[in-house]
Amino acid sequence: VLEEINLHRQAVMFKDSLEMTPEDHLQIAESAIQASQTRDGVIVIHGTDRLAETGEAICRLAGSDLTSPIVLTGAMRPWIVRDSDAHQNVTEAILAVQLLAPGVYVCMHSRVLRFPGIVKDRKRLRFVRAD
């Protein structure tokens, strides 16, 4: 139940994140920034292998000009897997995007981290601050 929430879905691309190019990251960044100019918040569903690169691209392109939060999320275990984390992460992102200040974030596994400086910890299967 999503009372008082209006969702607008915009498909940008359907591509395995391992196959993404710098141009793909830029395309997603441009689309997210454009959507953030007319929406209260934006959620980007993204493959986790290259999610950090897209978050960094959004930060570089937007600078400090964002007027609403952009939250990236995805699943460390694919949504087709029975115990996928996809549903939990999307649910958390929907809540987070309503509460966060303008900026770029990753929201997964009950954590919210603000870009820049976020990387995927492949051993622990989570996003962390770069050392």
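This text goes with the structure placed above it.
These numbers come from a predicted model, not from an experiment.

A. Representation of the pairing of strand 5 (residues 118-121). When strand 5 meets strand 6 (residues 126-129), the two strands line up antiparallel, connected through four bridges. The residue bridging D121 from the neighbouring strand is R126, located in strand 6. In sequence, strand 5 turns back onto strand 6 through a hairpin of four residues, with L125 there showing a positive phi of about 55°.

B. Region of the structure containing empty space enclosed by the protein. Within this structure, the stated rule accounts for one cavity of 30 Å³ or more. Approximately 60 Å³ is the volume found for the largest cavity. Surrounding the largest cavity, V106, M108, H109, R111, V112, L113, R126 and F127 form its lining. Of all the secondary structure elements, the ones that give two or more residues to the lining of the largest cavity are strand 3 (103-108), strand 4 (111-114) and strand 6. A total of three residues in the lining of the largest cavity trace back to one element, the largest contributor, which is strand 4. When grouped by side-chain class, the residues that make up the lining of the largest cavity number five nonpolar, one polar and two charged.

The rules behind the values
- Per chain, residue numbering runs from 1 following the sequence as it is written.
- Residues qualify for local features only when their pLDDT is at least 70, as the model is predicted, and side-chain atom pairs are given and counted only at 80 or more; totals for whole chains, interfaces and linings, by contrast, use all residues.
- Only heavy atoms go into the side-chain values, all of them from the structure, while hydrogens and water stay out.
- Strand pairing follows a simple DSSP-based rule, namely that at least 2 bridges must link the two strands.
- Per the convention used, a helix needs a DSSP run of H or I reaching at least four residues, while a strand needs a run of E reaching at least two, with both numbered from the N terminus.
- Using a grid of 1 Å spacing that covers the protein atoms alone, one calls a set of points a cavity when a 1.4 Å probe fits there but cannot get out, and a pocket when the set is open and has protein on both sides within 12 Å along at least five of seven lines; lining residues are those with an atom within 4 Å of a point.
- Grid points are joined across faces, edges and corners, and a volume is the space filled by probe spheres set on the points.
- The residue classification treats Ala, Val, Leu, Ile, Met, Phe, Trp, Tyr, Cys and Pro as nonpolar and Asp, Glu, Lys and Arg as charged. All others, Gly included, are polar.

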